[in-house]
Amino acid sequence: MISLRLPGVLAASLLAVSLPLYAAETAPDAAAAMQRSFEAKKQAGMDRLQQDEVQTLCTRYTTATLPAEAASRIQQASLATVKPPSDGQYLGDYKAGEKIAQTGTGLQSSDDPAKPNGGNCYACHQLASSELAYGTLGPSLQHYGKLRGQSPEMLALAWRKLYNAQADVPCSNMPRFGHQKILTEQQLKDVMAFLFDPASPVNQ
Amino acid sequence: MNTPRATRRALLVGSLLLLAGAAQAETSTQDAIAEYREMFGDDNPAELWQSRGEALWHTARGPKQANLTACDLGLGPGVIEGAYAQLPRWFDDTQQVQDLETRLVSCVTTLQGIPREEFLKVKFGDGEKKSELEALTAYVVAASRGKPIALPMQHPAEQAAYALGKAAFSYRAGPHDFACATCHGDAGKRIRLQELPQLTTAAGAREAYTHWPAYRISQGELRTMEWRLQDCFRQQRLPQLKFGSEVAIGLTMFLAKNAEGGTLAAPGIKR
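Throughout this description, residue numbers start from 1 for each chain and increase along the sequence as written. For this description, chains carry letters from A and ligands carry numbers from 1, given in the order in which they are written. Given that the model is predicted, a residue must reach a pLDDT of at least 70 before its local features are reported, and side-chain atom pairs must reach 80 or more before they are shown or counted; all residues, however, enter totals for whole chains, interfaces and linings. The basis for every side-chain value is the complete set of heavy atoms in the structure, and neither hydrogens nor water enter the calculation.

Novice: Explanation requested: the overall build of chain A in the structure shown.
Specialist: The helix and strand inventory of chain A stands at nine helices and one strand. Walking chain A from its N terminus toward its C terminus, one meets helices and strands in the order α-α-β-α-α-α-α-α-α-α. Burial here depends on accessible area, computed with a 1.4 Å probe over protein chains only, as a share of the maximum for the residue type. Under 20% is buried, over 50% is exposed, and the range in between is partly exposed. Looking at the 204 residues of chain A, the share that counts as buried comes to 44%. For this analysis, residues touch if any pair of their heavy atoms sits within 4.5 Å. Within chain A, contacts between residues at least 6 apart in sequence are counted, and of these 62% link residues at least 24 apart. For the area figures, the Shrake-Rupley method with a 1.4 Å probe applies, and any residue is considered shielded solely by the protein chains shown. Total accessible area on chain A stands at roughly 10600 Å², and carbon and sulfur atoms take up 60% of it. We count a stretch as a helix when DSSP gives it H or I for four or more residues in a row; a strand needs E for two or more, and each element gets its number in order from the N terminus.

Given below as structure tokens:
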């Protein structure tokens, strides 16, 4: 009967191994130490230290080390958060989008909460060829729309990436601009236009 | 302050600004800073903080009218040469792991009797509002120039501080999901034109840690490691990192340990 019982033991140990994945543990008491080590300042309240499941998992793992089960869990949960534009129109004003891409302020304790948040795209991505001060934390998005066209699938994919990048790349470093309400729906549309509009400097 | 040296400094700062303006597109920030360092030679504005710190160190002050020459920074009372290279470390008298800045607070409060809140009223200087802590820090740090970073790391609390620092480094939180590791976890990356050291490696940690504290050109102030860390968290959109907190000490320990063997060149000059 030993051969019959083994799978049960295996299943039990697998369960024990996979359980901590979903517990809110990061490292020994790191979350508690973070709570003790910070204090609220202006708009940056202490609630910002509370991790959601994606943040907890992506603290423990990177995209490369994330177990497959957790990866698909993040992807599915994140996909469910993505709201398409309410009027079905993906593209706004590329000039407004360029300004959002250039603006790095928003949500810092030192920022004016009355001003619109920036997207700070240039911190991490190359976009317009004319802007040389771009970062390299993310891939180059030069000629984004020119290379990809404006098929419904392509527009939906780019919207998803802006809204919640975790839906496509679990534990991506990219902020969830829509899901976390960093940018408004209109701002997201404007950034979309900056990426896709043939007249946008991104596609020159 | 109208010495020839100060005048030269003003001219150099002016020409740097011109240079930065004219060459915005072609010259990277790194090139501009390298050029700035070259113009200064050994003449680092941080010297102003160092000499102010040296005076503070030797002046009898506070209710106890004592100077700080009995301050034990880990190598015995009054020994400042090489002390910074072995911090943070465990101190028996305070029963804490302390970085240089929290240790200086201990010395000021116990030896001079100055209340912590009073001494820390200006933690980080701002123009006319001068920080005594920054001046003392600069003075002590400069006495470790050329020394290799070597931490004791024997006490369990020191190892625990390192482990916490390591965990805090990867802690993703806030509206942007940022952690220290988001920007400083990979090699060869940059934000805009600013190159980012990979702080988890010896090379990256040394490059950064050996030059902090530093004179910050853009602010015209000498900035300490505690300042640097709390400013990183501000940019991460997180709340205010408390001075001398577990996470502040832990992260300093994590960076210092990763930078071990590196030769200290602080106070440095940063953008």
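Moving on from the coordinates now.
Novice: Teacher, can you tell me more about the sheet that holds strand β5 (residues 214-216) of chain B here?
Specialist: Strand pairing in a sheet is mediated by backbone hydrogen bonds. Such pairs are either parallel or antiparallel. Residue and element names in this part refer to chain B. Read from one edge of the open sheet, three strands run β6-β5-β8, paired in mixed fashion. Every other strand in the sheet has two partners, leaving β6 (221-223) and β8 (268-270) as the edge strands with one partner each. Pairs of neighbouring strands in the sheet enclose a mean axial angle of 35°, with direction left out of account. Pairing between strands is defined by DSSP: at least two bridges between the two strands are required. Where β5 and β8 come together, three bridges link them in parallel fashion. Within the sheet, the bridge partner assigned to Y215 lies in β8 and is I269. Working convention: axes come from line fits to C-alpha atoms, limited for helices to the stretch in contact. Angles between N-to-C directions cover 0 to 180 degrees.

Novice: Teacher, can you tell me more about the nonpolar core here?
Specialist: For soluble globular proteins, nonpolar side chains are generally found buried alongside one another. We call a set of buried residues a nonpolar core when its members are Ala, Val, Leu, Ile, Met, Phe, Trp, Tyr or Cys and they connect through side-chain atoms within 4.5 Å of each other. Core analysis: the biggest nonpolar cluster contains 67 residues, and M34(A), W57(B), L73(B), F233(B) and V247(B) have the highest contact counts within it. Broken down by element, the residue count for this core peaks at eight residues, all from helix α11 (residues 246-258) of chain B. Excluding residues that lie within four positions of it along the chain, W57(B) makes contacts with N67(B), L68(B), T69(B), C71(B), L73(B), I80(B), L104(B), L136(B), Y139(B) and V140(B). In terms of nonpolar packing, the next biggest core, distinct from the first, is built from 27 residues, Y134(A), L141(A), I182(A) and L188(A) among them.

Novice: For this particular structure, what's the right way to read the packing of helix α5 (residues 94-102) of chain A against helix α9 (residues 185-196) of chain A?
Specialist: Residue and element names in this part refer to chain A. For the pair α5 and α9, interaxial distance at closest approach is 7 Å and the crossing angle is 100°. Classed by the angle they form, the pair α5 and α9 counts as roughly perpendicular. Side by side, α5 and α9 meet where Y94, A96, G97, E98, I100 and A101 of the first sit next to Q187, D190, V191, A193 and F194 of the second. Considering only residue class, the contact of α5 with α9 consists of seven nonpolar, two polar and two charged. Oblique is the label for every angle not falling under 35 degrees (roughly parallel), over 145 degrees (roughly antiparallel), or within 65 to 115 degrees (roughly perpendicular). Note that Gly is not counted as nonpolar here; it falls among the polar residues with everything else outside the nonpolar set of Ala, Val, Leu, Ile, Met, Phe, Trp, Tyr, Cys and Pro and the charged set of Asp, Glu, Lys and Arg.

Novice: Which parts of the structure should I look at to understand the state of the cysteines?
Specialist: Chemically, a disulfide is nothing more than a covalent bond linking the sulfur atoms of two cysteines. By definition, disulfides here are pairs of cysteine sulfur atoms that lie within 2.5 Å. Across all of its chains, the model carries two disulfides over all chains by this definition. A sulfur-sulfur separation of 2.1 Å characterises the disulfide bridge that pairs C58(A) with C171(A). On the S-S bond that ties C58(A) to C171(A), the torsion sits near -85°, and the link is left-handed. In this pair, C58(A) sits in helix α3 (residues 53-60) while C171(A) sits in the loop between α8 (152-163) and α9, placing the two residues 113 residues apart along the sequence. Judged on exposure class, the residue C58(A) and its partner C171(A) are both buried. Between the sulfur atoms of C71(B) and its disulfide partner C107(B) the distance amounts to 2.0 Å. Measuring the twist about the S-S bond at about 75°, one finds the C71(B)-C107(B) disulfide to be right-handed.

Novice: What is the right way to look at the side chain of H184(B) in this model?
Specialist: All names here are of chain B. Of note, H184 is situated in helix α8 (residues 180-184). Under the relative-accessibility criterion, H184 is labelled buried at 14%. Leaving out residues up to four positions away in the same chain, H184 has contacts with F169, L196, P197, Q198, L199 and T200.

Novice: What is the right way to read a negative patch on the surface from this model?
Specialist: A patch consists of residues whose relative accessible area exceeds 30% and which take part in no salt bridge; residues with like charges are grouped when within 9 Å of each other, and nonpolar side chains (Val, Leu, Ile, Met, Phe, Trp, Tyr) when within 5 Å. Salt bridge criterion: a side-chain nitrogen from Lys or Arg within 4 Å of a carboxyl oxygen from Asp or Glu. The charge count includes Lys and Arg as positive and Asp and Glu as negative, but it does not include His or the ends of the chains. Lys charges are placed at NZ, Arg charges at CZ, Asp charges at CG and Glu charges at CD. A grouping of D31(B), E35(B), E195(B) and E207(B) is seen on the molecular surface, where their side chains present a negatively charged patch. Within the secondary structure, E207(B) is located in helix α9 (residues 202-209).

Novice: Just to check I follow, could you spell out the packing of aromatic side chains for this structure?
Specialist: To describe a pair of aromatic rings, one takes the distance between the centres and the angle between the planes. The rule is short: rings of Phe, Tyr and Trp, with Trp giving its six-membered ring, pair when the centres are within 6.5 Å, and they are stacked under 30 degrees, edge-to-face over 60, tilted in between. According to the stated counting rule, one finds 10 aromatic pairs over all chains in the structure shown. Relative to F194(A), the ring of Y122(A) has its centre 6.5 Å away and its plane inclined at 65°; by these criteria the two rings are edge-to-face. With Y122(A) in helix α6 (residues 121-124) and F194(A) in helix α9, this residue pair connects regions lying 72 residues apart in the sequence. Judged on exposure class, the residue Y122(A) and its partner F194(A) are both buried. Counted as over-ring charges are cases with an Arg CZ or a Lys NZ within 6 Å of the ring centre that also lie within 35 degrees of the ring normal. Between the NZ or CZ atom of R148(A) and the centre of the ring of Y144(A), over which it lies, the distance is 3.9 Å. Its guanidinium or amino end placed over the ring of Y134(A), R190(B) lies 4.8 Å from that ring's centre, counting from NZ or CZ.

Novice: It is not clear to me how α8(A) should be interpreted in this structure. Could you clarify?
Specialist: Helical geometry note: an α-helix holds 3.6 residues per turn, so side chains three or four residues apart project in the same direction. All names here are of chain A. Multiplying 1.5 Å by the residue count of a helix minus one yields the expected span of that helix. End to end, α8 covers 16 Å across 12 residues, agreeing with the expected 16 Å (1.5 Å per residue, within 8%). For α8, every residue scored as buried is listed here: L155, A158, W159, L162 and Y163. Projection of α8 onto a plane perpendicular to its axis shows the buried side chains occupying an angular sector of 135°, all on one side. Directions from the helix axis toward the C-beta atoms define the arc.

Novice: Looking at this structure, I do not really get the confidence of the model for chain A. What am I missing?
Specialist: Reading predicted coordinates in detail is not appropriate for stretches of low pLDDT. Taken as a whole, chain A shows an average pLDDT of 89; of its residues, 86% reach a score of 70 or greater. For every residue, the predictor assigns a confidence score, pLDDT, that lies between 0 and 100. Here residues 1-26 of chain A is modelled with pLDDT under 50, and outside its nearest four sequence neighbours on either side it reaches 22 contacts, counting other chains as well.

Novice: Explanation requested: unusual backbone geometry in the structure shown.
Specialist: Across residues other than glycine, the phi torsion is negative in most instances, and most of the peptide bonds are trans. Each neighbour pair has its own omega, and for L87(B) with P88(B) the value is 0°, a cis peptide bond. With respect to the helices and strands, P88(B) occurs in the loop between α3 (46-58) and β1 (89-91). Cis peptide bonds are those with omega within 30 degrees of zero, and the linkage from A266(B) to P267(B) qualifies with -5°. Among the secondary structure elements, P267(B) is positioned in the loop between α11 and β8. The residue N120(A) is not glycine, and still its phi comes out positive at about 55°. Residue placement: N120(A) occurs in the loop between α5 and α6. When its relative accessible area of 26% is taken as the criterion, N120(A) is described as partly exposed. Within the chain, R192(B) stands out as a residue other than glycine whose phi angle is a positive 45°.

Novice: Is there a simple way to think about the environment of V169(A) in this case?
Specialist: Residues and elements named next belong to chain A. Mapped onto the secondary structure, V169 falls in the loop between α8 and α9. With 95 residues separating them along the chain, V169 and I74 place their C-alpha atoms 9.1 Å apart. Sequence-distant contacts of V169, defined by excluding residues within four places in its chain, comprise T63 and K161.

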